[in-house]
Amino acid sequence: MNKISPLLYGCFLALCSANCSAEGKILATPGVSQIEGSGGGGIVPWAQLAGYATEESISVSAACSRVTVKDFSLDSCAVQANLYDKIELSYAKQNFEVTPLKLNLKQNIIGAKINLFGDLVYSTMPQVSLGIQSKKLKTSDVAFSLGAKKDTGTDVYIAASKLHLGFINGYNWLWNVTARHTKSNQLGLLGFGGAHEKKKIQLEVSSAILLNRHLALGVEFRQKPDNLNLGEDHWKDIFIAWFPNKHLSVTLAYVDLGSIAAIDKQTGWYLSTMWYL
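K.L.:
What is the right way to look at the packing of aromatic side chains in this model?
P.N.:
What characterises a pair of aromatic rings is the spacing of the ring centres plus the angle enclosed by the ring planes. Evaluated as defined, the whole model comprises four aromatic pairs. Considering the side-chain rings of tyrosine 254 and tryptophan 269, the 5.4 Å spacing of their centres and the 70° angle between planes classify their relative orientation as edge-to-face. On the criterion of sequence distance, the pair formed by tyrosine 254 in strand E13 (residues 248-256) and tryptophan 269 in strand E14 (residues 267-276) is long-range, its members being 15 residues apart.

K.L.:
Honestly, the nonpolar core in this entry has me stumped. Any pointers?
P.N.:
The tendency in soluble globular proteins is for nonpolar side chains to be buried side by side. Counting 42 residues, the largest nonpolar core has Ile35, Val67, Leu74, Phe96, Phe243, Val255 and Leu257 as the members making the most contacts within it. Taken together, the elements giving at least two residues each to this core come down to strand E3 (58-69), strand E4 (72-83), strand E5 (87-98), strand E10 (201-210), strand E12 (235-245), E13 and E14. Per element, the largest residue contribution to this core is four residues, and it comes from E12. When neighbours within four sequence positions are excluded, valine 255 is seen to be in contact with Val67, Val69, Lys236, Asp237, Gln266, Thr267, Gly268, Trp269 and Tyr270.

K.L.:
In this structure, what is going on with the side chain of serine 76? I would like to understand it.
P.N.:
Examined against the element boundaries, serine 76 turns out to sit in strand E4. Exposure remark for serine 76: the relative accessible area of 4% places this residue in the buried category. A polar side-chain atom of serine 76 sits 2.8 Å from the main-chain carbonyl oxygen of isoleucine 35.

K.L.:
How should the state of the cysteines be read in this particular structure?
P.N.:
The term disulfide refers to a covalent linkage connecting the sulfur atoms of a pair of cysteines. Taken as a whole and judged by the stated rule, the model has one disulfide. Across a sulfur-sulfur distance of 2.0 Å, cysteine 64 and cysteine 77 are joined as a disulfide pair. Because the sign of the S-S torsion sets the handedness, a value of about 110° for the bond joining cysteine 64 and cysteine 77 places this disulfide among the right-handed ones. Highlighted residues: cysteine 64 in strand E3 and cysteine 77 in strand E4, separated in sequence by 13 residues. For cysteine 77, a relative accessible area of 0% gives the class buried.

Reading guide: rules and limits
Residues numbered from 1 in each chain as written. Predicted model: local features only at pLDDT ≥ 70, side-chain atom pairs only at ≥ 80, totals over all residues. Heavy atoms only, no water. Phe/Tyr/Trp six-rings, centres within 6.5 Å; stacked < 30°, edge-to-face > 60°. Helix = DSSP H or I, 4+ residues; strand = E, 2+ residues; numbered from the N terminus. Core = buried A, V, L, I, M, F, W, Y, C linked by side-chain atoms within 4.5 Å. Buried < 20%, exposed > 50% of the residue type's maximum accessible area, 1.4 Å probe, protein only. Contact = heavy atoms within 4.5 Å. Polar contact = N/O pair within 3.5 Å; in protein donor to acceptor, adjacent residues only side chain to side chain. Disulfide = S-S within 2.5 Å.

Laid out in structure tokens, this is it:
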């Protein structure tokens, strides 16, 4: 798996040193680490910010994830800082292995998210946040050979999330809707843009039931553009996340990524571990 630089992680720890607190939020409400580094679900960024910071504290979190499907695998490691539950900063490194061609594609992502208004639990309206993910593909030869226009790109998204306490037969229900402006091909691992650019706004949704204080069961769906005309499919998953305490979470998912680079039936598994400080 990718590893986050100890120096970078140390900087995040320094931010946290005197102000970290995990006392204010309900267990599991921050979600987990999304594969591009933002707080949320596995494949969709949510409105809530990563970690358990309150309006009076800072939190730091880190995660590593692996997606393994028939012909590809993706490793992603990330760190996040939540500043007073208002601003989230994140950094992620991705390594995408193309098994049939024995290739490794690498990408770095810097993210930021700001809580615009609302609260996940305590306000009538959902929590709404605005986010940005700036992406740099480090291995661009394959992307350009397939017709991508650039090896850098920026995704901008707006997300709304709400947790309804006791909504479904006494169980807590969480939903999230995200609208993303993007030109990324396969998250950016196949570059950005192409000759077949059309719809740039993509819809992403998540829904989860909290079975108890420690377990969440849910589904996600993510639209993706087909700028390269390779039949790029939308992504889907069904996941279960375990939150033993406010310092650890583990997520397991079955994923259906459809066609990747014109290779069909890419289904498999996702596993992620996240640490909250």
